[in-house]
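# Survey of secondary and tertiary structure
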Amino acid sequence: METALAVLVGILVATSVYLMLARNVLKFLIGLVLLSNAANLTIFTAGRATRAAPPLIPEGLDAPAGVVANALPQALVLTAIVIGFGLLAFALVLVYRGYLALGTLDSEAMREAEPEVGPGARSGAGSGAGGGPAA
Amino acid sequence: MRDQGSGEGLDAAAGHGDARPALPVWIGWLAASVPAVLALLFAGQVPAVAGGEPLRLSVDWVPSLEVRLSFLLDGLSLTFALLISGIGAFVLLYSGAYLGGHPQLGRYYLYLLTFMAAMLGLVLADNLITLFVFWELTTLTSYLLVGFDHASAKARRAALQALLVTGAGGLALLAGLILLGVAAGSFEISEIVASGDLLREHSLYLPILVLVLLGAFTKSAQVPFHFWLPNAMAAPTPGSAYLHSATMVKAGIYLLARLHPALSGTEAWIWSLTIFGAVTAVWASVLALRQTDLKLVLAYTTVMALGTLTMFLGAEATVAVAAAMTFLIVHSFYKAALFLIVGIVDHRTGTRELGRLGGLARAMPVTAAAAALAAFSMAGFPPFLGFIGKELKYEGALAIASEPLLVASAAVLANALMVAVAAIVAVRPFFGPRPAMPKPPREASLRMWIGPLFLAVLGLSFGLAPSLLADLFVQPGVTAILGRPEEVKLALWHGINLPLMLSLLTFALGVGIYAVHQRLRAALAAAEARLPLTADRAWDRLLDGLKTLAAVQTRVLQNGRLTNYLLVVFVTLALALAGSFLVFRDALQLPAAAPGLLPREWGLLGLIAAGALLAAGTRSRLAAISALGVVGVGIALLFVSFGAPDLAITQLLVETLVVILLAVLMVRLPGFGAVASGGVWTRRRDAVVALALGAVVTAVLLAVVAAPFDRDVTAFFEAASLPEAFGRNIVNVILVDFRALDTFGEVAVVMVAALSAFALLRGGAGRGAPK
């Protein structure tokens, strides 16, 4: 079953990369969600997915009775889910704010910080106004 | 040339604005007493070491990496240590007078002393890594010394050039030393030199040799890396005298001598040292003749001496190595003396240009005497030590079995030019008519002339008592270089033989060259002007090329397009992961048959895959968000199936929030159609990258899962959860107890994200309201 999970992770990675390479930053966001799901599944699978009881210690015992699921990757993934959510929430707001400021969702058109370098032009010359609305 | 010539000393002092009080003279004596005491201590060890009892001292430094602070005092390192500390004492004393009144004299003392300490550590180290650390320290401190006159762009350029050239060589050397340590199975030099036969047969021998030679050749200024040394003459003269007579540039020679028993004797060793050394010796002698600045003349003869030493260290014959060892000592004496004398001339007359100097002997008799003594030794006249050194060189050259003719003719040519240069340095400025000079010449103070005079007299006395030198230094040194007990006898008179004939030829040639040197110089200058490229200019082009490359690379990789950045990241990741399979071929495998999936799990997997594909392919925002929801919930159900209810709960909660937030955002933003997608081919390229990365991630994950599983950490948590942390939910215990700090960090991250989002949202319309 690990083989099937590994293939699933591959599909998630491929779709998320395809989305993140799009010019539309909204698609990028959707790709980001898929990528964090893929990462979580990777950790989970690497810690060996077993169809076992949850890692709990029954009353009256000092240690789990019999084989339980691997607790360590679960703890790692739990942290990762929450952090991924924090990242996504921030990215969402950033995209929204960027749209308000620049009037576009096209990442190719977002050239405030690193403007197009024409022949002979010096990079960074166009950003004299400095900083976005975030500043 | 002129501006470079005039005394950096007093003039430079006027250039600095700060009016710090000058250092009292006694500080100079104090500073000089440090190396003087060291020299006496080292001298006290001479009888024991000459008697064949090397001294070892060893302290653990980084035991896990086999790095030990171990030091060895044998014939070779003792000779170097004495030269470094002895000449160092005179140089420090001299600096006090040369830079008298300079506001940064104290700093100069500090640099010199630090450099000396590094140099001593280098020659005494008996551990490869210890040696390397001191090696790099000499590079750094010589950078400070060369760039001492930091207000001058020329000095800064020279310092940086020396640093980059020798620093690059140092990196190569580090790699070579590590390979050497691995191949020999020890990082202790005294153990490595005992396993020479093993090393010469080792498959890593050639890489080791090439890397070590790169380090030695850059440090010791062999062609084609010779150009940094003459430029480094931008240093104040006492520093140049120190760096370029017995210390810094001889570090490479020392390394070759030190590793001689371990690496020498192969065709590769013999030919590379002989050819690089011979070319350097001859080419540098020619360039020396071309200069008009006294200090540059000496700089190029130093390069010549380094080439000669390299050439002789290429050999196996005892007499050749004895020639190298003797010449090393001879050269240190006369070169340090002459550099210091040039400094005196410069300091007292305000110029070092040959054309503006003459007839100084009357005004500066002591200096002139010292110059004459040193120059006789340099030219190799009897009864000076230089004569013995030269005879030995010819004997050694003729003893080199493989290519005596090449070595002997290179030696004769280089020595003939040396005779001419000695005459130019010691005769031209001191005799003949006296032209008008920037300052009326006066004799230098005792602090300045004592060093050169002492060194020049040493050259004479050892020439009169050569057996003393042979027994105390040359023989122990040769024993250390060859790694076997050797007997070396030095004598002034060898009878009428081939070396003597060659000596006579050398004198005749040298005097002839001196007679026509002005015409020769003009011809050389004209020839040099026609050269399409000198090493120095090539260096500038190399640096320019590096800058251009950096600019081009930045333009290509960092062109300001988000999609481009991501593409670079993803492609690099895919290549790196795929590349790791090239290294670990057998990792690529399917896991052993495991229990299959239940039908409902297959259903979940299919649902998640379909959701992901729909999210990637749809043109509708609503469909994409719904698909995301399907993926998230599907994964949550998978967690339930595999015994992870905590994960399932969190995942459900977060997925719900994600979908809601995305949906809310979408309401305020235009649809997918508002942004033109890239061209068909761009998207196809993206698809290829995506598929490739997905495939390698799957392969890596399969390889991970196929590897044997180590459940130790989990077992610890399972056993310790209740007794130590009093919790029955192991996942929760890990989060809030065993890895509580991580969880704390996680909470902080979420909080920072929330704060930033809040700040972004209420940041007002600002400059960029929607257009």
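Rules behind the numbers
Residues numbered from 1 in each chain as written. Chains lettered and ligands numbered in written order. Predicted model: local features only at pLDDT ≥ 70, side-chain atom pairs only at ≥ 80, totals over all residues. Heavy atoms only, no water. Helix = DSSP H or I, 4+ residues; strand = E, 2+ residues; numbered from the N terminus. Buried < 20%, exposed > 50% of the residue type's maximum accessible area, 1.4 Å probe, protein only. Contact = heavy atoms within 4.5 Å. Areas by Shrake-Rupley, 256 points an atom, 1.4 Å probe, with all protein chains shown as cover. pLDDT = per-residue confidence, 0-100. 1 Å grid on protein atoms, 1.4 Å probe; cavity = no way out; pocket = protein on both sides within 12 Å on 5 of 7 lines; lining within 4 Å. Points joined across faces, edges and corners; volume = space filled by probe spheres on them. Nonpolar A, V, L, I, M, F, W, Y, C, P; charged D, E, K, R; others polar. Salt bridge = Lys/Arg side-chain N within 4 Å of Asp/Glu carboxyl O. Pairing = 2+ DSSP bridges. Buried area = accessible area lost by both parts, 1.4 Å probe. Polar contact = N/O pair within 3.5 Å; in protein donor to acceptor, adjacent residues only side chain to side chain. Phe/Tyr/Trp six-rings, centres within 6.5 Å; stacked < 30°, edge-to-face > 60°. Lys NZ or Arg CZ within 6 Å of the ring centre and 35° of its normal. Expected span 1.5 Å × (residues − 1). Domains from an automatic or database assignment.

### Topic: the overall build of chain B
- Helices and strands together make up the secondary structure of chain B, namely 33 helices and two strands.
- For chain B, the spread of C-alpha atoms along the principal axes amounts to about 105 × 60 × 55 Å.
- Out of the 771 residues in chain B, the part that is buried amounts to 54%.
- Counting only contacts in chain B whose residues sit at least 6 apart along the sequence, the fraction spanning at least 24 positions is 78%.
- Per element, the accessible surface of chain B, about 31,900 Å² overall, is 71% carbon and sulfur.

### Re the confidence of the model for chain A
- Scored by pLDDT, chain A comes out at a mean of 83, with 85% of its residues at no less than 70.
- This stretch, residues 119-135 of chain A, has a pLDDT under 50; its non-local contacts, to residues over four places away or in other chains, come to 13 contacts.

### A short note on the layout of surface pockets
Residues and elements named next belong to chain B.
- Size it by volume and the second largest pocket reaches roughly 600 Å³.
- Forming the boundary of the second largest pocket are 23 residues, of which P230, N231, Y300, E528 and D536 lie nearest the centre.
- Looking at the lining of the second largest pocket, its residues break down into 11 nonpolar, six polar and six charged.

### A closer look at the pattern of salt bridges
All names here are of chain B.
- Applying the stated criterion across every chain yields a total of 20 salt bridges over all chains.
- For D126, the salt bridge is made with R56, and the minimal N-O distance between the two is 2.6 Å. Remark: R56 occurs in strand β1 (residues 55-62) and D126 occurs in the loop between α5 (105-124) and α6 (128-146); sequence separation between them is 70 residues.
- Residue classification places R56 among the partly exposed residues on the basis of a relative accessible area of 45%.
- Look at the salt bridges and you will find they share partners, linking R56, D126 and E188 into a network.

### Things to note about empty space enclosed by the protein
Residues and elements named next belong to chain B.
- Within the structure shown, the criterion is met by four cavities of 30 Å³ or more.
- F327, V330, Y334, S377, M378, G380, G386, G389, K390, K393, N415 and M418 together form the lining of the largest cavity.
- Secondary-structure elements contributing two or more residues to the lining of the largest cavity are α17 (318-349), α18 (365-379), α19 (385-399) and α20 (404-426).
- Tallying contributions element by element places α19 first for the lining of the largest cavity, with four residues.

### Overview of the pairing of strand β2 (residues 67-73) of chain B
Residue and element names in this part refer to chain B.
- Within β2, five of the seven residues are buried, which leaves the element mostly enclosed by the surrounding structure.
- In the sheet, β1 pairs with β2 via seven bridges, with the strands oriented antiparallel. Its bridge partner lying in β2, D60 is registered against R68.

### Observations regarding the interface of chain A and chain B
- Facing 96 residues of chain A, the contacting portion of chain B comprises 110 residues.
- Roughly 9,200 Å² of surface becomes buried between chain A and chain B when both sides are summed, with 72% attributable to carbon and sulfur atoms.
- Taken as a group, Y18(A), L21(A) and R51(A) account for 8% of the area that chain A buries against chain B, more than any other trio of residues on that side.
- Where R728(B) meets E59(A), a salt bridge forms, and the shortest distance between an N and an O atom there is 3.5 Å.
- Remark: the boundary between chain A and chain B carries 20 residue pairs in polar contact (both at pLDDT 80 or more).
- Elements supplying a minimum of two residues to the side of chain A that touches chain B: α1 (2-20), α2 (25-46) and α3 (71-102) of chain A.
- Looking at the side of chain A that touches chain B element by element, the count peaks at 25 residues for α3(A).
- In terms of residue class, the side of chain A that touches chain B is made up of 64 nonpolar, 18 polar and 14 charged.

### Things to note about the packing of aromatic side chains
Residues and elements named next belong to chain B.
- A complete count under the given rule lists 17 aromatic pairs over all chains for this structure.
- Between F376 and F384, the ring centres sit 5.5 Å apart and the planes meet at 20 degrees, which makes this aromatic pair stacked.
- By relative accessible area, F376 is classed as partly exposed at 37%.
- The rings of F376, F381, F384 and F507 are connected pair by pair, giving a single aromatic cluster.
- Between K219 and the ring centre of W135, over which it is positioned, the NZ or CZ distance is 4.9 Å.
- The ring of F327 carries K393 above its face, with NZ or CZ at 3.8 Å from the centroid.

### Quick look at α6(B)
- Across its 19 residues, α6(B) extends 27 Å between first and last C-alpha, which sits within 8% of the 27 Å expected from 1.5 Å per residue.
- At the N-terminal boundary of α6(B), the capping side chain belongs to N127(B), with an oxygen 2.8 Å from the backbone nitrogen of I129(B).

### So, the domain arrangement of chain B
- Assigned domains of chain B: these are domain 1 (2-515), domain 2 (560-708) and domain 3 (710-759).
- Here the C-alpha centre of domain 3 of chain B lies 63 Å away from the C-alpha centre of domain 1 of chain B.

### Re the side chain of S721(B)
- Among the secondary structure elements, S721(B) is positioned in helix α31 (residues 712-725).
- What makes S721(B) buried here is its relative accessible area of 0%.
- There is a polar contact of 3.0 Å between the side chain of S721(B) and the backbone oxygen of G727(B).
- For S721(B), the residues in contact, after removing those within four places along its chain, are I57(A), F726(B), G727(B), I730(B), V733(B) and F738(B).

### Quick word on the environment of F384(B)
All names here are of chain B.
- Structurally, F384 can be placed in the loop between α18 and α19.
- The sequence separation of F384 and A420 amounts to 36 residues, and the corresponding C-alpha distance is 17 Å.
- Ignoring any residue separated from it by four or fewer positions in sequence, one finds F384 in contact with L373, F376, S377, G459, L460, G463 and L492.

### Brief notes about helix α28 (residues 621-641) of chain B
Residues and elements named next belong to chain B.
- With 21 residues, α28 should reach 30 Å at 1.5 Å per residue; the first-to-last C-alpha distance of 30 Å fits that figure.
- A side-chain oxygen of the first residue of α28 lies 3.3 Å from the backbone nitrogen of L622; this N-cap is S620.
- One or two residues past the end of α28 sits G643, with phi positive at roughly 75 degrees.

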